[in-house]
Amino acid sequence: EAGVAQSPRYKIIEKRQSVAFWCNPISGHATLYWYQQILGQGPKLLIQFQNNGVVDDSQLPKDRFSAERLKGVDSTLKIQPAKLEDSAVYLCASSFWGARDTQYFGPGTRLTVL
Amino acid sequence: ILNVEQSPQSLHVQEGDSTNFTCSFPSSNFYALHWYRWETAKSPEALFVMTLNGDEKKKGRISATLNTKEGYSYLYIKGSQPEDSATYLCASPPNTGNQFYFGTGTSLTVIP
């Protein structure tokens, strides 16, 4: 069974630039999550989709971050414009149904904002 | 927001040593406790899901226990090997609500 795929693996940009991350969840998983993990902290949920609807985006900085999950499969997370404090690992995860199920993670995208 | 804490933050052990670390969580509103292992440049890997007080799970040299009444879980590694070097994360979804709350992780380095 293929795992959660993410790209790119690494990205370096300058502040005020834009960046986009892509995630392909495990086939058949209804729920998809984007997490931000800043060095020294635990992963923080940014947004949770169930199929193509948003379940929770309460911690997504909506003035600069956006995410979509078209057709309930792949998802993209965008940052525009990036700030220095956005430097982090961005993890995508999926689960079969809801947030209480085991979540399966991709390898993450390490973003550095200079 | 659920306050999930892990200790210690980092740990260095010699190959062959046994070690353990702690995850603490609010005992009220408990639903489940998940342990993950996250090796550098890899995906976090699910190790255990624990739901019942007194649960004990084992996978090879790694085991975990759960005490929901006092709000903690221990992860044990017996005879640590260099390949055990990773960050170990715990996460708890509460009984109400719909998200995981992660601890900050314990970074384990096993010295050959």
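A short tour of the structure in this document, coming up. As the structure is a computational prediction, the values presented were derived from the model and not from experiment.

**A few points about the overall build of chain A**
In terms of regular secondary structure, chain A is built from zero helices and eleven strands. Each helix and strand of chain A, placed in order from N terminus to C terminus, yields the pattern β-β-β-β-β-β-β-β-β-β-β. Relative to the globule expectation of 13 Å for 114 residues, the C-alpha radius of gyration of chain A, 13 Å, shows essentially globular dimensions. For chain A, the spread of C-alpha atoms along the three principal axes comes to 35 × 25 × 25 Å. Burial statistics for chain A: of 114 residues in total, 47% are counted as buried. Nonlocal contacts in chain A, meaning residues at least 24 apart in sequence, comprise 54% of its contacts between residues at least 6 apart. Of the roughly 5,600 Å² of accessible surface on chain A, 51% is carried by carbon and sulfur atoms. If you average the places of the 13 positive and of the 10 negative side-chain charges in chain A, the two averages end up 4 Å apart.

**A short note on the interface of chain A and chain B**
Each side of the interface is counted separately: chain A has 23 residues, and chain B has 23 residues. Summed over both sides, the interface between chain A and chain B buries roughly 1,800 Å², with carbon and sulfur atoms accounting for 55% of that surface. Of all residues in chain A, the largest losses of buried area upon contact with chain B belong to Pro43, Arg100 and Phe105 of chain A, amounting jointly to 35% of the total for that side. The tally of links from chain A across to chain B stands at zero salt bridges. Where chain A packs against chain B, one counts five residue pairs in polar contact (both at pLDDT 80 or more). When residues of the side of chain A that touches chain B are traced back to their parent elements, those giving at least two are β4 (31–37), β5 (44–50), β6 (53–56) and β9 (88–95) of chain A. Partitioned by chemical class, the residues of the side of chain A that touches chain B number ten nonpolar, nine polar and four charged.

**Remarks on the environment of serine 92 of chain B**
All names here are of chain B. Relative to the helices and strands, serine 92 resides in strand β9 (residues 86–92). For the pair serine 92 and histidine 34, spaced 58 residues apart in sequence, the C-alpha to C-alpha distance is 6.2 Å. Here alanine 32 takes part through its backbone oxygen, which lies 2.9 Å from a polar atom of the side chain of serine 92.

**Description of the nonpolar core**
Judged by nonpolar contacts, the single largest core of 24 residues is most densely connected at Phe21, Leu33, Trp35, Phe48, Leu75, Tyr88 and Leu108 of chain B. For this core, the secondary structure elements donating two or more residues are β2 (10–14), β3 (19–24), β4 (33–38), β5 (45–50), β7 (62–67), β8 (72–77), β9 and β11 (106–111) of chain B. Non-local contacts of leucine 75 of chain B, meaning those with residues more than four positions away in its chain, are made with Thr19, Asn20, Phe21, Trp35, Phe48, Ile62, Ser63, Ala64 and Tyr88 of chain B. Judged by nonpolar contacts, the second largest core, of 21 residues, contains Val4, Leu60, Leu77 and Val113 of chain A.

**Examining the sheet that holds strand β1 (residues 5–7) of chain A**
Strands in a sheet are paired, the pairing made by backbone hydrogen bonds, and the direction either parallel or antiparallel. Residues and elements named next belong to chain A. Overall, antiparallel pairing links the four strands, which are arranged β1-β3-β8-β7 in an open sheet. Among the strands making up the open sheet, the edge pair consists of β1 and β7 (65–68). Taking the axes of each pair of neighbouring strands and ignoring which way they run, one obtains an average angle of 15° across the sheet. Inspection of the sheet shows strand β3 (residues 19–24) paired to strand β8 (residues 75–79) by five bridges, in the antiparallel sense. Its bridge partner lying in β8, tryptophan 22 is registered against threonine 76.

**Side note on the pairing of β9 of chain B**
For a regular strand, side-chain orientation follows a simple rule: the groups alternate between the two sheet faces. Residues and elements named next belong to chain B. Most of β9 sits out of view: six of its seven residues are buried. Both β9 and strand β10 (residues 101–102) contribute to a ladder of two bridges, which runs antiparallel. Pairing of serine 92 across the sheet is with tyrosine 101, part of β10.

**Description of the environment of lysine 15 of chain A**
All names here are of chain A. In this structure, lysine 15 sits in the loop between β2 (10–13) and β3. Along the primary structure lysine 15 and aspartate 63 are separated by 48 residues, whereas in three dimensions their C-alpha atoms are 15 Å apart. Not counting chain neighbours up to four residues away, the residues in contact with lysine 15 comprise Ala82, Leu84, Val113 and Leu114.

**A closer look at the packing of aromatic side chains**
Residues and elements named next belong to chain B. Scanning the model with the defined rule gives 13 aromatic pairs over all chains in all. Ring centres of tyrosine 72 and tyrosine 74 lie 4.9 Å apart, and the angle between their planes is 40°; on these two criteria the pair is classed as tilted. Given a relative accessible area of 28%, tyrosine 74 falls into the partly exposed group.

Rules of the game
- Residues numbered from 1 in each chain as written.
- Chains lettered and ligands numbered in written order.
- Predicted model: local features only at pLDDT ≥ 70, side-chain atom pairs only at ≥ 80, totals over all residues.
- Heavy atoms only, no water.
- Helix = DSSP H or I, 4+ residues; strand = E, 2+ residues; numbered from the N terminus.
- Rg over C-alpha atoms; globule rule 2.2 N^0.38 Å.
- Buried < 20%, exposed > 50% of the residue type's maximum accessible area, 1.4 Å probe, protein only.
- Contact = heavy atoms within 4.5 Å.
- Areas by Shrake-Rupley, 256 points an atom, 1.4 Å probe, with all protein chains shown as cover.
- Lys, Arg positive; Asp, Glu negative; His and termini not counted.
- Charge placed at Lys NZ, Arg CZ, Asp CG, Glu CD.
- Buried area = accessible area lost by both parts, 1.4 Å probe.
- Salt bridge = Lys/Arg side-chain N within 4 Å of Asp/Glu carboxyl O.
- Polar contact = N/O pair within 3.5 Å; in protein donor to acceptor, adjacent residues only side chain to side chain.
- Nonpolar A, V, L, I, M, F, W, Y, C, P; charged D, E, K, R; others polar.
- Core = buried A, V, L, I, M, F, W, Y, C linked by side-chain atoms within 4.5 Å.
- Pairing = 2+ DSSP bridges.
- Axes fitted to C-alpha atoms, helices over the stretch in contact; angles between N-to-C directions.
- Phe/Tyr/Trp six-rings, centres within 6.5 Å; stacked < 30°, edge-to-face > 60°.

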